[in-house]
Amino acid sequence: MSVTSAPTEQLPGTPATQGNRIGGGLLDPKQLIRSLPDAVRKLNPSTLWRNPVMLIVEVGAAFTTVLAVTDPSVFAWAITIWLWLTVLFANLAEAVAEGRGKAQAAALRQAKRDTIATRLINWTPGARVNTYSDEAVPAPELRQGDIVLVEAGGIIPGDGDIVEGIASVDESAITGESAPVIRESGGDRSAVTGGTKVLSDRIIVKITQKPGESFIDRMIALVEGANRQKTPNEIALNILLAALTVIFLLAVVTLQPLAIFSKAYQAAAPDGGAITDSGVTGVVLISLLVCLIPTTIGALLSAIGIAGMDRLVQRNVLAMSGRAVEAAGDVNTLLLDKTGTITLGNRQAAEFVPVEGVDPAALADAAQLSSLADETPEGRSVVVLAKNEFGLREREPGVMPHATFVPFTAQTRMSGVDLTPDASVDAGAVGTARRVRKGAAAAVMKWVRENGGHPTEQVGEIVDAISGTGGTPLVVAEQVDGEPARALGVIHLKDVVKSGMRERFDEMRRMGIRTVMITGDNPRTAKAIADEAGVDDFLAEATPEDKLALIKREQEGGRLVAMTGDGTNDAPALAQADVGVAMNTGTSAAKEAGNMVDLDSDPTKLIEIVEIGKQLLITRGALTTFSIANDIAKYFAIIPAMFAGLYPSLDALNIMRLSSPESAILSAVIFNALVIIALIPLALRGVRYRPAAASKLLSRNLLVYGLGGIIVPFIGIKIIDLLIQFIPGIS
């Protein structure tokens, strides 16, 4: 099989979350220049019709162009130029957002190389090599259900599931992580992605994708925006903006009869740049319309949505739709697996609790000896704790030739060691025959009884106390020189809650989000972990059916639910959840069922996804507030300019003391265009977001973007007026 090596570049732009603030990366000024050709191409009405607000502006710009050609003046041409720039700047905002996605798509395309796959014919599981044949096939020609062989050094030609073999796979072309991962047939780690590289061994893969619909193909289409559909909230806001545009259009149209009547009534009033005997001039009417309709948010709305998807991609999360990102911002309930999400995932030995009359060091020594053959993470942690707490050096099984080690098995639920007199000397003890066991309380107590001993009530009390705190008790017992066996004490294994989880859940609570821990532990253990982590509720001894039922109950109450999963058994719940985040290491069924895929397979990222979703909604709301608020200053600029000559009392509204009607109108139009450029970085980066109650966030945004939207245009229009008032034909 001949292949071309896949690259190992990381996806561009992977910013971290700092100080609980969700950001989106900085705007590269060079990107503005690179995006200009795309912005010009978007002037095509067949492209611009999707944005009705900016289409109105473009029609107005075309109309003023005709007027400027037929009746040329400095004022008319200045207005015309700035109206075209308004449309261009709006297109530039969208082009810049799409350009960032195209840069990421280019990196993803590096993972798509022309690969020749080895397709197996008549292969069946367990078949011998001489019972089937193979053929070389270009990867794009593979069909769903084809069986392919991939050997060390080869590129996996398409998405699929491993049906035979185990291999180390380099997924850096997809995830950006340089460390290889293990993929094997069966279980929840059988899914592989096309474009990744097999580093060792050989695997047989069953292709699950259709041609052109691989995981990378979908990623490229999504980050480029080719498949980006408007979200429900975005559609609703577009309808609102279109309605406001129609209202302002009707309002502007009604001004013309008023102007004609007023000019006829005030016949002695001289003609001006704004009003003549024929009423308001066409250039001024278009200027008024453009300044009154919500052009700012109309120009930035698409860029905000694209940037929201982009922020997820920067964090190695692929959202299958914008609806999923919005839903993340509206989530009410978060379902989180305990293991790996809330806790570290491996229980650690935290304490040796001896029974009365037993020295703690003797218990630690016995616990360490009985754990030497236990290769589980729990067993290794016992050896480490004995070394750290009591200075017991770690003894390797190989240096104790007279010892018989008993490995841990799921059947016996114990591990241990049988020491002959010589082995006891090797272990640093007096030369006596000794048998030591460590394991589950029920299993070790049974061993004690079978060897003539009688478990004490104190052991049961210690076991119950540890279980009550959410820990796992392991009993240690020994039998010396054929005497009755006895329990020495209990090892306290603790499921360690990740650092900072309580603070994160406190933040979720302030945001109005309810957190539920999902675990297979018994209710007593689950409650102890839940209390320590600070979650609002827990579901103990959970089955896949229990998860699905819980999601449905939450949704019946009108709440949106988010969860993570990686196994085939998680697929129904992932499909039912409003935000289902599948782990990239999971099965194909899980990734197909979810509406997001986390390429890093980090379950804790669900919390960050929710914050990004909320930031998207807040950014859109804040800039909508700013857009509507900044129209107020334009009223005070244009209305007095139009009618002050006919009705001198209206000059009182000219609170900015603009120099002339022409300069006032032109200043408003220029500001209307420049504010779009000024807000592009904010639209792409997102409004600063910190977890807080919805009412507090609303108050803050009304103060900053509502009041700011009123004050900033007054200042901006006045400054522009001071600069342009000396231009001939404007003053």
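Quantities reported herein were computed from a predicted structural model and do not represent experimental measurements.

Parameters and conventions
- Residues numbered from 1 in each chain as written.
- Predicted model: local features only at pLDDT ≥ 70, side-chain atom pairs only at ≥ 80, totals over all residues.
- Heavy atoms only, no water.
- Helix = DSSP H or I, 4+ residues; strand = E, 2+ residues; numbered from the N terminus.
- Buried < 20%, exposed > 50% of the residue type's maximum accessible area, 1.4 Å probe, protein only.
- Contact = heavy atoms within 4.5 Å.
- Areas by Shrake-Rupley, 256 points an atom, 1.4 Å probe, with all protein chains shown as cover.
- Salt bridge = Lys/Arg side-chain N within 4 Å of Asp/Glu carboxyl O.
- Core = buried A, V, L, I, M, F, W, Y, C linked by side-chain atoms within 4.5 Å.
- Domains from an automatic or database assignment.
- UniProt positions renumbered as here; feature names shortened; annotations may be inferred.
- Pairing = 2+ DSSP bridges.
- Axes fitted to C-alpha atoms, helices over the stretch in contact; angles between N-to-C directions.
- Phe/Tyr/Trp six-rings, centres within 6.5 Å; stacked < 30°, edge-to-face > 60°.
- Parallel < 35°, antiparallel > 145°, perpendicular 65-115°, else oblique.
- Left-handed = near helix turned anticlockwise from the far one by under 90°.
- Nonpolar A, V, L, I, M, F, W, Y, C, P; charged D, E, K, R; others polar.

Examining the overall build of the chain
Looking only at helices and strands, the chain features 24 helices and 23 strands. Taking all 731 residues of the chain together, 52% fall into the buried category. Counting only contacts in the chain whose residues sit at least 6 apart along the sequence, the fraction spanning at least 24 positions is 72%. Counting only carbon and sulfur atoms, one obtains 58% of the accessible surface of the chain, whose full area is about 30,800 Å².

Details of the pattern of salt bridges
For the structure shown, the criterion picks out 22 salt bridges. Taking the shortest distance from any N to any O, the salt bridge between Glu135 and Arg119 comes out at 2.8 Å. Here Glu135, found in strand β2 (residues 133-138), pairs with Arg119, found in strand β1 (residues 116-121); they are 16 residues apart in sequence, far enough to count as distant. Glu135 sits in the partly exposed class, given a relative accessible area of 29%. Where Asp337 meets Lys547, a salt bridge forms, and the shortest distance between an N and an O atom there is 3.6 Å. With Asp337 in strand β12 (residues 333-337) and Lys547 in helix α18 (residues 544-556), the pair connects residues that are 210 residues apart, well separated along the chain.

Remarks on the nonpolar core
By size, the foremost hydrophobic cluster in this structure holds 122 residues, and its most contacted members are Leu300, Leu334, Met596 and Leu666. When residues of this core are sorted by domain, at least three fall in each of domain 2 (229-310 + 612-725) and domain 3 (317-337 + 512-518 + 534-599). Listed in part, the 44 residues of the second largest apolar core include Leu372, Val436, Val463 and Val475.

Regarding the UniProt feature "active site" (unreviewed entry) in the chain
Using the residue numbers shown here, the UniProt feature "active site" (unreviewed entry) corresponds to Asp337. The partly exposed category is assigned to Asp337, whose relative accessible area is 22%. Setting aside anything within four residues of it in sequence, one finds Asp337 in contact with Ile342, Ile518, Lys547 and Thr564.

Observations regarding unusual backbone geometry
Positioned with a positive phi, Asn122 is a non-glycine residue whose angle comes to about 65°. The exposure class of Asn122 is exposed, given its relative accessible area of 63%. With a phi close to 65°, Asp201 is a non-glycine residue in the positive phi region.

A word on the sheet that holds strand β23 (residues 596-598)
With mixed pairing, the seven strands of this open sheet are ordered in space as β11-β23-β22-β21-β12-β19-β20. For this open sheet the edge positions go to β11 (317-319) and β20 (537-539), each flanked by a neighbour on one side alone. Recorded for the sheet is a direction-independent mean angle of 20° between the axes of neighbouring strands. Pairing between β11 and β23: three bridges, direction antiparallel. Along β23, the bridge assignment pairs Val317 with Asp598. Contacting β11, β12, β21 (561-565), β22 (579-583) and β23, helix α21 (residues 605-629) crosses the sheet at an angle of about 160° to β12.

Some points on the packing of aromatic side chains
Under the counting rule described, the total for this entry stands at one aromatic pair. Geometrically, the ring pair formed by Phe352 and Phe390 is tilted, given 6.1 Å between the ring centres and 45° between the ring planes. Of this pair, Phe352 sits in strand β13 (residues 348-354) while Phe390 sits in helix α12 (residues 377-390), placing them 38 residues apart in sequence. For Phe390, a relative accessible area of 34% gives the class partly exposed.

What to know about the packing of helix α8 (residues 282-292) against helix α23 (residues 661-685)
Between α8 and α23, the least distance of the axes is 10 Å, while the angle of their chain directions is 40°. Classified by the angle between their axes, α8 and α23 sit oblique to one another. Crossing angle aside, the handedness with which α8 passes α23 is left-handed. Contact residues: Val284, Ser287, Val290 and Cys291 in α8; Ile665, Ala668, Val669 and Asn672 in α23. Grouping the constituent residues of the contact of α8 with α23 by class yields six nonpolar, two polar and no charged.

Comments concerning the UniProt feature "binding site: ATP" (unreviewed entry) in the chain
UniProt annotation of "binding site: ATP" (unreviewed entry) refers to Asp374, Glu378, Phe408, Thr409, Ala410, Gln411, Thr412, Arg413, Met414, Ser415 and Lys438 when read in the numbering used here. Looking at the secondary structure, you find Asp374 in the loop between α11 (360-371) and α12. Apart from residues lying up to four places away in sequence, Asp374 is in contact with Gly379, Arg380, Phe408, Ser415 and Lys438. Examined against the element boundaries, Met414 turns out to sit in strand β15 (residues 414-419). Judged by its relative accessible area of 13%, Met414 is buried. Once you skip the residues sitting within four places of it in the chain, Met414 turns out to touch Pro407, Phe408, Thr409, Arg437, Lys438, Gly439, Ala443, Val444 and Trp447.

Here we look at the sheet that holds β13
Strand order in the open sheet made by the six strands is β13-β18-β17-β16-β15-β14, with antiparallel pairing throughout. Both edges of this open sheet fall to β13 and β14 (403-406), since each of them pairs with a single strand only. In this sheet, neighbouring strand axes are inclined to one another by 15° on average, regardless of whether the strands run parallel or antiparallel. Inspection of the sheet shows strand β17 (residues 472-480) paired to strand β18 (residues 486-494) by seven bridges, in the antiparallel sense. Looking at the pairing, Thr472 lines up with Leu493 of β18. Taken strand by strand, α11 contacts β13, β14, β15, β16 (434-440), β17 and β18, and its axis lies near 80° from that of β16.

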